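# Inside the fold
Listed below are the residues making up each chain.
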Amino acid sequence: MRKNILFITSSRAEFGLLYQVIKEAKARKNINTKLIVSGTHLDEKFGLSISEIKDANLKIDYEIDIDMKNNNDDISIINSISKGISKFGEVLKKINPSLIIILGDRYEMISVAVCASILKIPIAHINGGETTEGAYDEYFRHSITKMSHLHFVACEEYRRRVIQLGENPNFVFNVGGLGVDSINSYKFMSKKELENDLNFKFSDKNVLVTYHPETMSSQAIDFSLKQILDALETLKNTKIIFTMPNADTGNDVIFKMIKDFVKNNNNSIAFPSLGQLRYFSIVRIVDAVIGNSSSGIAEVPSLKTPTLNIGNRQKGRAMASSIINCSHNKNEILDSLKIIYSRSFQEKLKNVQNPYGNGGSAKKIVDIIYKHDLDKILKKRFFNLHTKI
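### Notes on the sheet that holds strand S9 (residues 238-243)
Within the open sheet, the 6 strands sit side by side as S10-S9-S8-S11-S12-S13. Their pairing is parallel. If you trace the sheet from one side to the other, it starts and ends with strand S10 (268-271) and strand S13 (323-326), each paired once. Taken pair by pair, the neighbouring strands of this sheet meet at an average axis angle of 20°, ignoring direction. Where strand S12 (residues 307-310) lies against S13, 4 bridges are found, and the strand directions are parallel. Bridge assignment links Ile-310 to a residue of S13, and that residue is Cys-326. Against the sheet, helix H11 (residues 276-285) makes contact with strand S8 (205-210), S9 and strand S11 (288-291), and its axis sits at roughly 135° relative to S8, the strand it touches most. Relative to the sheet, helix H13 (residues 330-341) contacts S8, S11, S12 and S13, its axis offset from that of S13 by approximately 165°.

### So, the packing of helix H3 (residues 74-95) against helix H4 (residues 107-118)
In contact at an axis separation of 8 Å, H3 and H4 are set at 40° when each is read in the N-to-C sense. The angle between the axes of H3 and H4 places the two elements in the oblique class. Note that H3 runs across H4; the crossing there is right-handed. In this structure, H3 uses Ile-77, Ser-80, Ile-81, Gly-84, Ile-85, Phe-88, Gly-89 and Leu-92 to contact H4, whose residues at the interface are Tyr-107, Glu-108, Ser-111, Val-112, Val-114, Cys-115 and Ala-116.

### Considerations on the pairing of strand S6 (residues 150-153)
Of the two faces of S6, both are covered, the one formed by Leu-150 and Phe-152 as well as the one formed by His-151 and Val-153. As paired strands, strand S5 (residues 123-126) and S6 are joined by 3 bridges and run parallel to one another. Within S6, the residue paired with Ile-126 across the bridge is Phe-152. Each parallel crossover has a hand, and the one from S5 via helix H5 (residues 137-146) to S6 is right-handed. A crossover connection joins S6 to the parallel strand S7 (residues 172-174) through helix H6 (residues 156-164); in handedness this β-α-β unit is right-handed.

### Details of empty space enclosed by the protein
In the structure shown here, the tally under the stated rule is 4 cavities of 30 Å³ or more. By volume, the largest cavity is sized at about 840 Å³. Lining of the largest cavity is provided by 42 residues; of these, Ala-13, Glu-14, Ser-293, Ser-294 and Ser-295 occupy positions nearest its centre. Among the elements of the structure, helix H1 (12-26), H5, helix H7 (178-185), H11 and helix H12 (294-298) are those that each provide at least two residues to the lining of the largest cavity. At 4 residues, the largest contribution of residues to the lining of the largest cavity is made by H1. A per-class count over the lining of the largest cavity returns 13 nonpolar, 18 polar and 11 charged. Estimates place the volume of the second largest cavity at around 50 Å³. Lining the second largest cavity are Thr-210, Val-289, Ile-290, Gly-291, Asn-292, Ser-293, Gly-296, Thr-307, Leu-308 and Asn-309. Of all the secondary-structure elements, those providing two or more residues to the lining of the second largest cavity are S11 and S12. Looking at the lining of the second largest cavity, its residues break down into 3 nonpolar, 7 polar and no charged.

### Here's the deal with the environment of His-149
Mapped onto the elements of the fold, His-149 is located in the loop between H5 and S6. Looking at His-149, the relative accessible area reads 10%, which means it is buried. When the C-alpha atoms of His-149 and Asn-251 are compared, they prove to be 33 Å apart, with 102 residues separating the residues in sequence. Not counting residues up to four positions away in its chain, the partners in contact with His-149 are Ile-121, Pro-122, Ile-123, Phe-171, Ile-377, Leu-378 and Lys-380. Polar contacts involving the side chain of His-149 include one to the main-chain carbonyl oxygen of Leu-378, which spans 3.2 Å.

### A closer look at the packing of aromatic side chains
Following the criterion strictly, the structure yields 8 aromatic pairs and no others. A ring pair is formed by Phe-15 and Tyr-19, whose centres lie 5.6 Å apart and whose planes are at 35°; its orientation type is tilted. One end of the pair, Phe-15, and the other, Tyr-19, are both in helix H1, 4 residues apart, so they sit about a helical turn from each other. Clustering of aromatic rings is evident, with ring pairs tying together Tyr-186, Tyr-279 and Phe-280. Stacked on the ring of Tyr-370, the Lys or Arg Arg-28 has its end atom at 5.9 Å from the ring centre. The ring of Tyr-341 is capped by Lys-205, whose NZ or CZ atom sits 4.9 Å from the centre of that ring.

### Things to note about the sheet that holds S6
Hydrogen bonding along the main chain pairs the strands of a sheet, whether they run parallel or antiparallel. Spatial strand order, S3-S2-S1-S4-S5-S6-S7: 7 strands in an open sheet with parallel pairing. Across the chains shown, the open sheet's two edge strands, defined by having one partner strand only, are strand S3 (62-64) and S7. Pairs of neighbouring strands in the sheet enclose a mean axial angle of 20°, with direction left out of account. Here strand S2 (residues 31-38) runs beside S3; their pairing, made up of 3 bridges, is parallel. Following the sheet pairing, Ile-36 is matched in S3 by Tyr-62.

Definitions and cut-offs
- Residues numbered from 1 in each chain as written.
- Predicted model: local features only at pLDDT ≥ 70, side-chain atom pairs only at ≥ 80, totals over all residues.
- Heavy atoms only, no water.
- Pairing = 2+ DSSP bridges.
- Helix = DSSP H or I, 4+ residues; strand = E, 2+ residues; numbered from the N terminus.
- Axes fitted to C-alpha atoms, helices over the stretch in contact; angles between N-to-C directions.
- Contact = heavy atoms within 4.5 Å.
- Parallel < 35°, antiparallel > 145°, perpendicular 65-115°, else oblique.
- Left-handed = near helix turned anticlockwise from the far one by under 90°.
- Buried < 20%, exposed > 50% of the residue type's maximum accessible area, 1.4 Å probe, protein only.
- Right-handed = clockwise from strand over helix to strand, strands pointing away.
- 1 Å grid on protein atoms, 1.4 Å probe; cavity = no way out; pocket = protein on both sides within 12 Å on 5 of 7 lines; lining within 4 Å.
- Points joined across faces, edges and corners; volume = space filled by probe spheres on them.
- Nonpolar A, V, L, I, M, F, W, Y, C, P; charged D, E, K, R; others polar.
- Polar contact = N/O pair within 3.5 Å; in protein donor to acceptor, adjacent residues only side chain to side chain.
- Phe/Tyr/Trp six-rings, centres within 6.5 Å; stacked < 30°, edge-to-face > 60°.
- Lys NZ or Arg CZ within 6 Å of the ring centre and 35° of its normal.

Take it as geometry only, folks, not as evidence of what the structure does.
Okay, structure coming up:
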């Protein structure tokens, strides 16, 4: 029986992971694929990353604009969720796919999950069971889990957590992290190629910085980021590459502070979006990835590059030994960087193991979807763990 699979992507980071699954699905007989592009992909402020999708020669069936360019406060985000429910609902009803594949925890995807649930369309959810205590993505992720029917998680700890949420173990699969698939698929750019492409010269020391709003924090974003920027400003003979934040509450503050920093520090440069090939190629060259991006947790360890994870946005995720956690404190950030540059830590990097596996996740996901009768997974029951409380 032919399966009609719908993929939906709304951000640069999530598309980089989802792309491997799309490619794998397109290669299979008896699977038709459709693609909806939405969210920050359609906005120049965030790098207009729809161009990356077009460069990958993927057919885009629908573009759905939910007006995210001004999403720097709570009400604008609520309005985007509302627009998403209205617009996604109409298109999903028209397409009526056999299965929708949702990756991650973005608030845009809550809109999709709500519409799919009402329209009785099964959902396959990738990257459930994770925790990010510093962001409201935490709520969205677990909510999407409860509206989904097939679950593809990145490690065994997350599989247990999805089951704990009442999902049937027979439909929860530990497939590893898709980011590792992405890394394994690329022929990386050389330092010279990057320098020509970015119009930027690397130094003997280099760092890559991505900082997103901590949406569950009571601490002001400008205070938190200033601690990081003050620490970076003291680094000697170091080039600093920034990638801009996603569309969360407070992103405008981060945009402005980074732009001002780059203007006043000629050893730095900022990009709205690098694209995965350039991003991972840079990760291989730099001495550390700094900030609070999920990529620093799930993918960067596979390249044996250290991550300095700042604050609580990623708190609760499984982490490799190449990751150092610290608070938003200038001195603690600088002390952590000293550890990263130490000989003992550099030696330890050679044996780092990524808890999210060694690749092959996309194939596992499509194999599982291929063998399941999607007509029989829609109705589900709460799976009780028979333990005393």
